[in-house]
Amino acid sequence: MGIFLSLFIYLISYLPVILARDVTRVTIFVDATKTVATNDEHFICATVDWWPHDKCNYNHCPWGNSSVINLDLSHPLLANAIQAFQSLRIRIGGSLQDQVLYDVGDLKAPCHPFRKMKDGLFGFSKGCLHMQRWDELNQLFNRTGAIVSFGLNALHGRHNIRHNAWGGAWDSNNARDFLKYTISMGYQIDSWEYGNELSGRTSIGASVDAELYGKDLINLKNIINELYKNSSSKPTILAPGGFFDQEWYAKFLQVSGSNVVNGVTHHIYNLGPGVDPNLVSKILNPQRLSRVSETFGNLKQTIEKHGPWASAWVGESGGAYNSGGRHVSNTFVNSFWYLDQLGMSSKYNTKVYCRQTLVGGNYGLLNATTFIPNPDYYSALLWHRLMGKGVLSVATDGSSSLRSYAHCSKEREGITLLLINLSNQTDYVISVHNSMNMKLTVKGKDINGESSLSRDIKRAVSWVGSTASDGHLTREEYHLTPKDGYLQSQTMVLNGIPLQLAEDEGIPKLDPVRVDVNSPIYITHLSIAFIVFPNFSARACVV
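Residues numbered from 1 in each chain as written. Predicted model: local features only at pLDDT ≥ 70, side-chain atom pairs only at ≥ 80, totals over all residues. Heavy atoms only, no water.

## Concerning the state of the cysteines
Cut-off, in case you're wondering: In what follows, a disulfide is any cysteine sulfur pair within 2.5 Å. Only protein chains enter the calculation, and the probe is 1.4 Å; a residue is then buried if its accessible area is under 20% of its type maximum, exposed if over 50%, and partly exposed in between.
Enumeration over the complete set of coordinates arrives at four disulfides. A sulfur-sulfur distance of 1.9 Å marks the disulfide that ties Cys56 to Cys61. On the sign convention where negative means left-handed, the S-S torsion of about 95 degrees between Cys56 and Cys61 marks this disulfide as right-handed. Since its relative accessible area comes to 32%, Cys56 is described here as partly exposed.

Here it is in C-alpha cells:
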C-alpha cells in the first residue's frame, strides 16, 4: 500500500507540470518469437582499478583509497554491495596493470608501491602486488560470490623502441609464478586478460604489434593449459582490452588462431573527457549516444569473420575518460548513458559489460569514500535482476528520444522492457504490442476480414501477466527519477521513494508497483522505467 501511495503522490505532484508538457502516444512492438542476441548470465560487471590516491585529473584527485592495493576490503558496505548481485563479475585491471609486478616466485626486480615518476607510463613507476594482499582480495571474492577476471601485465620484459611502440619478448615467468600461486591456493579465477589498451593506433600509453601480441596469446594459452591440467575448471582468456582498431583486432585474432581467445574485449569512453562542460547535454543527445553502435557492429563483424569461436565483451567503460565527469558520472543523469549502453551493446551480442568502476574515480558505482551506492549502482542491480540473457527485437513509431530495449525476463517467464526518456519536454503514453499476434492487413483488414482496430484491441489484451488479489492481470513497473527532479542528484528515486540504505547498511529493497496490464504505460520526461510483463506470450523465452 505504501508503494502505491508514494507513486500516487509522486504523479500528483507532477500533474501541473504534466499538463503543461507535450504528451505523445507511442506504440512499441516486441518480437518474442526469437532472440536476436544472447548475453552471458553474468552480463553486469564492474572493475577495480590500480590507480593510487595521487592519480589526479583537472586538479582533482577522486580515487582516494579505492585501488586494488589499498581498497578497504573489510568495509561492510563493499561486501553488501557485491553480495546484492549474488554473483557480480569483477574485472581487476586498468592503465597501470602493465606495470604491476607480482611478489612471488623468482622475481628478479624490486617490488615497490606505485609512485609518481615523470618518465613512467601514465606518470607512475612500476608497482607491486604482494601475495598477502592477493589472499585478502580472494577472501572478499569468496565471501561475496564474485566472479573474477584478472588483467595480466603484458609489458614485463619489454622495452620502448620508438614513440609509444614497445618491442622485445614478453617475459612470462612472473605471470607463470603468479598463476601457480593462485592455483596452489585454490583461488577461482574465471578468466585471465592479457594487457590493457595496447591495440595499435588506438593504444593508450604503449602499443604492441598485433602479430607479436597474437603469438604472446598462444604462449599464455599453453601456460594455462599446462598449469591447469589437473584442475576441474580452466579459466578462459580475454584479449586485448583496448580501443577497437579493426585492422589490429583482425590481425591478432588471425595470428593467435582458433580457440585461443575466448572473449574479445574492447573499451568505450564515448562521451569524451570528464572535464567537458557539455557532458550532460551529450548524455541526453540520442544521436550522440547512437554513434557507438558502429563500433559494436564493426567488432561483431570482425569476430564473425576472424574469430567466430570468441565472443564480444566490453572490458571497460566509464562514459567520460580521465576519471569521469565530476558531479555528472556519479549522479542520476549518467544512468541515461549507462542503461542505454547496456541495452545497445546487448543487441550486438555483447556477452559481458564491465563498468568502470565498482569504486574509484568520479564514475564509481559506489562512493569512493563512504561506499554509499550512486544512482548507477541501482541501475546495474535492476538490470541484473530483471533482464535475462535473451535479447528481443523491438520496433517503435516513437521519437529517437524514447529508447526502448526488451529481453526475456531473468529466471522467469515473460519479458522485461527498458524504457529511457531522454526528452525534457515530452511525456509518453505507451502501448506495448506482442508482434506474435500481428496478422497481415490489406487496407485496414486482415486476411480473415477482421478490422485493424479490433485486432489492435485484441493485441492490447493478449498479455498474460501476474494475477492481482482481485483477479486482474498486472505488470510490474520500476520508474526511476532523480530526487527533487534534479538530474545531477546523487539520490535515485524508485516509484516515488528515494533509495537509501537500510539501518543495518543493507541495500534497500527494489520493489515494483503492479499495474493493470491493459492500462497504457506512462513515462514522464527525463525518466527511466523497467516494465516487467510476467508470463508474456514469448516463444523465445521459455524457461
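Still to come is the rest of the account.
## Looking at the sheet that holds strand β12 (residues 236-242)
Where we set the bar: For two strands to pair, DSSP has to find at least two bridges joining them. The helix count covers DSSP runs of H or I at least four residues long, the strand count covers runs of E at least two residues long, and both are numbered beginning at the N terminus. Axis lines are fitted through C-alpha atoms, for helices just across the contact stretch, and the angle between N-to-C directions can take any value from 0 to 180 degrees. We call two residues in contact when some of their heavy atoms are within 4.5 Å.
The parallel closed barrel is built from eight strands, whose spatial order is β3-β4-β7-β10-β12-β13-β15-β17. The mean inter-strand angle of the sheet, taken between neighbouring strand axes irrespective of direction, is 25 degrees. Strand direction decides the pairing type here: strand β3 (residues 44-48) and strand β4 (residues 89-92), joined by four bridges, are parallel. Paired with Ala46 across the strands is Ile90, a residue of β4. This element, helix α9 (residues 293-306), spans β13 (263-268), β15 (311-317) and β17 (350-355) of the sheet and lies at about 160 degrees to β13.

## Comments concerning the side chain of Ser527
Selection rule: Polar contacts, as counted here, are pairs of nitrogen or oxygen atoms within 3.5 Å of one another; within protein the pair requires one atom able to donate a hydrogen and one able to accept it, and residues that are adjacent in sequence qualify only if both atoms are side-chain atoms.
Here Ser527 shows up in strand β30 (residues 527-534). Looking at Ser527, its side chain comes within polar contact range of the main-chain oxygen of Thr524, at 2.6 Å. In this view, Ser527 contacts Phe336, Leu419, Ile420, Asn421, Leu480 and Thr481; residues no more than four positions away in its chain are not counted.

## Describing the sheet that holds strand β9 (residues 165-167)
With mixed pairing, three strands are arranged side by side in an open sheet as β8-β9-β11. The outermost strands of the open sheet, each flanked by one partner alone, are β8 (159-162) and β11 (207-208). As paired elements, β9 and β11 share two bridges and run parallel to each other. Counted as the bridge partner of Trp166 is Val208 from β11.

## A word on the nonpolar core
The condition is simple: Residues belong to a common nonpolar core when they are buried Ala, Val, Leu, Ile, Met, Phe, Trp, Tyr or Cys residues joined through side-chain atoms within 4.5 Å. All domain edges in this entry derive from an automatic or database-based domain assignment.
Judged by nonpolar contacts, the single largest core of 127 residues is most densely connected at Trp134, Phe150, Phe178, Phe252, Phe336, Tyr377 and Phe530. Each of domain 1 (22-36 + 397-442 + 464-533) and domain 2 (39-388) gives at least three residues to this core. Excluding residues within four positions of it along the chain, Trp134 makes contact with Ile92, Leu129, Phe150, Phe178, Tyr181, Thr182, Tyr187 and Ile189. Ranked by size, the runner-up nonpolar core spans 23 residues in total, among them Tyr428, Ile430, Val432 and Phe536.

Structural measurements only, silent on function.
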